[in-house]
Amino acid sequence: MKKTKAALLFDLFITFFKIGAFTIGGGLAMLPIIEREIVDKKKYISKEEIVDAFAVSQSLPGVIAINSGIYIGYRIAGIAGAVVTAFGVILPSFIIILAIAILFTTVSGNVYVNKALTGVKAGVAGVITVTVFRLGKSVIKDVFALVLAVLAFVLTTWLGVSIVIIIAAGALAGYLYYHIRRMRHHDTD
Amino acid sequence: MILIELFLVFAKIGLIGFGGGYSILTIIQRELTQRGWIGIQEFSDIAAISQITPGPIAVNAATYVGYRIGGFWGSVVATLGVSVPSFVLVILVAHFILKFKTSSVVESCMKGIRPVTVAFIASAAIFFALESFINLQAPLLVNWGPFVIFVGAILAAVFTKIHVILIVLIAMCAGLILC
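Quantities reported herein were computed from a predicted structural model and do not represent experimental measurements.

Definitions and limits used
Residues numbered from 1 in each chain as written. Chains lettered and ligands numbered in written order. Predicted model: local features only at pLDDT ≥ 70, side-chain atom pairs only at ≥ 80, totals over all residues. Heavy atoms only, no water. Domains from an automatic or database assignment. Contact = heavy atoms within 4.5 Å. Buried area = accessible area lost by both parts, 1.4 Å probe. Salt bridge = Lys/Arg side-chain N within 4 Å of Asp/Glu carboxyl O. Polar contact = N/O pair within 3.5 Å; in protein donor to acceptor, adjacent residues only side chain to side chain. Helix = DSSP H or I, 4+ residues; strand = E, 2+ residues; numbered from the N terminus. Nonpolar A, V, L, I, M, F, W, Y, C, P; charged D, E, K, R; others polar. Buried < 20%, exposed > 50% of the residue type's maximum accessible area, 1.4 Å probe, protein only. Core = buried A, V, L, I, M, F, W, Y, C linked by side-chain atoms within 4.5 Å. pLDDT = per-residue confidence, 0-100.

1. Some details on the domain arrangement of chain A
Residue and element names in this part refer to chain A.
- Considered domain by domain, chain A is made up of domain 1 (5-139) and domain 2 (141-189).
- Here domain 1 and domain 2 have C-alpha centroids that lie 27 Å from each other.
- Tallying the contact residues gives six residues for domain 1 and five residues for domain 2.
- Contact between domain 1 and domain 2 buries roughly 410 Å² in total, counting both sides, with carbon and sulfur atoms accounting for 59%.
- Counting the surface domain 1 buries against domain 2, the share from its top three residues, Gln-58, Ser-59 and Val-139, is 69%.
- The interface formed by domain 1 and domain 2 contains one salt bridge.
- Of the charged contacts, one joins Glu-48 and Lys-141 as a salt bridge, the two residues approaching to 3.3 Å between their closest N and O atoms.
- Where domain 1 touches domain 2, the interface holds three residue pairs in polar contact (both at pLDDT 80 or more).

In structure tokens, the structure reads:
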């Protein structure tokens, strides 16, 4: 049975509220959770589409988690979907930070905060590594795609080339390779 | 009026802030200390709080700074300000991509963009590894506590059904003991 629009919007809101409420380490740390909730559990969109959402989120300015939320919400339920996902992902932060800002003043340099933060970062490094392989398996299907991925990794990690430039180059390479190959293929048919 | 100024400053940050939370923190610091709204020490508190609490780092920072400068409504306008540019830009781009998804040109471009994006996610993993257990000055001296947490998180994500959220929470608790 198809869900009503209101039920779908409510579900999107709750899903992104959960993502906003439980990820520590920022937008990048949310990617594994977004993948798990939206692709694996709810099956709203495919693995390829979630990678598209990350590509758009990273090549535009703004908060990555909000950008991905808006893209995914818009893809699933239009403008209304984008509004509920954006509010869903923002609201938990807003409530928690407001409470902290009212109650505490100093935490930096606190030894326990630093230990917990190091633990979170190591854990996030682990779950992101797993996400890389899972998404890579569905997106990297030929040698050309593998070469693009390795090049992009080197350029962004060690040479500090801007993400926007690498994405534009990836688009151009994809166009030249896949589109022109397809046209040639049609010619010889 | 301070609320309007707060909104505009954070809208500007949302518009020029590429690269997600950690790079946006730097921009927030520059914009706010230039205006004399907060000092360096207070900013490092904000940075620490934003990273240790759940949610997007830049949103956390916006809410916190907004509250400090303009009270409750300050936090509302700062948070909305940092999100509004995303809203317009992402919907425009999403609309375009979804509309022309079936065109061979757009599909070919997306096929080139997807592997590149996976590489960015891999680069994010390296970033978190550098922040926790790899030291570039002495690459052979792995920091063992966080490294054990890293390997444990990978094993848990691959071989168990433990939810990602729980894995990160466990990593946080393990950090208190091992790091």
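2. Concerning the interface of chain A and chain B
- Contact residues are listed per partner, giving 98 residues for chain A and 92 residues for chain B.
- Buried surface at the junction of chain A and chain B, summed over both partners, amounts to about 8,600 Å²; 78% is from carbon and sulfur atoms.
- Summed over the shared surface of chain A and chain B, the number is three salt bridges.
- Here B:Lys101 makes a salt bridge to A:Glu49, at a shortest N to O gap of 3.6 Å.
- The tally of links from chain A across to chain B stands at 16 residue pairs in polar contact (both at pLDDT 80 or more).
- Among the elements that take part in the side of chain A that touches chain B, helix 4 (residues 64-103) of chain A stands out by supplying 23 residues, more than any other.
- Among the residues making up the side of chain A that touches chain B, the classes are represented as 64 nonpolar, 24 polar and 10 charged.

3. Thoughts on the environment of A:His186
All names here are of chain A.
- Looking at the element boundaries, His-186 is found in helix 7 (residues 163-188).
- Look at His-186 and you get exposed, because its relative accessible area is 53%.
- Separated by 103 residues in the primary sequence, His-186 and Val-83 have C-alpha atoms spaced 43 Å apart.

4. A short note on the nonpolar core
- Within the largest apolar cluster, 111 residues are counted, with the highest numbers of intra-cluster contacts made by A:Ile50, A:Ile72, A:Ile128 and B:Phe10.
- Broken down by element, this core gets its largest block of residues, 17 residues, from helix 4 of chain A.
- Per-domain counts for this core show at least three residues from each of domain 1 (5-139) and domain 2 (141-189) of chain A.
- Among residues more than four places away in sequence, those in contact with A:Ile72 are A:Phe16, A:Ile34, A:Ile38, A:Ile45, A:Ile50 and A:Ala53.

5. Some words on the confidence of the model for chain B
Residues and elements named next belong to chain B.
- For chain B, per-residue confidence averages 87 on the pLDDT scale, and 98% of positions sit at 70 or higher.
- Least confident of the elements in chain B is helix 3 (residues 40-52), whose mean pLDDT is 77; most confident is helix 6 (residues 144-159), at 93.
- Our summary of model confidence lists the complex with pTM equal to 0.81 and ipTM equal to 0.80.

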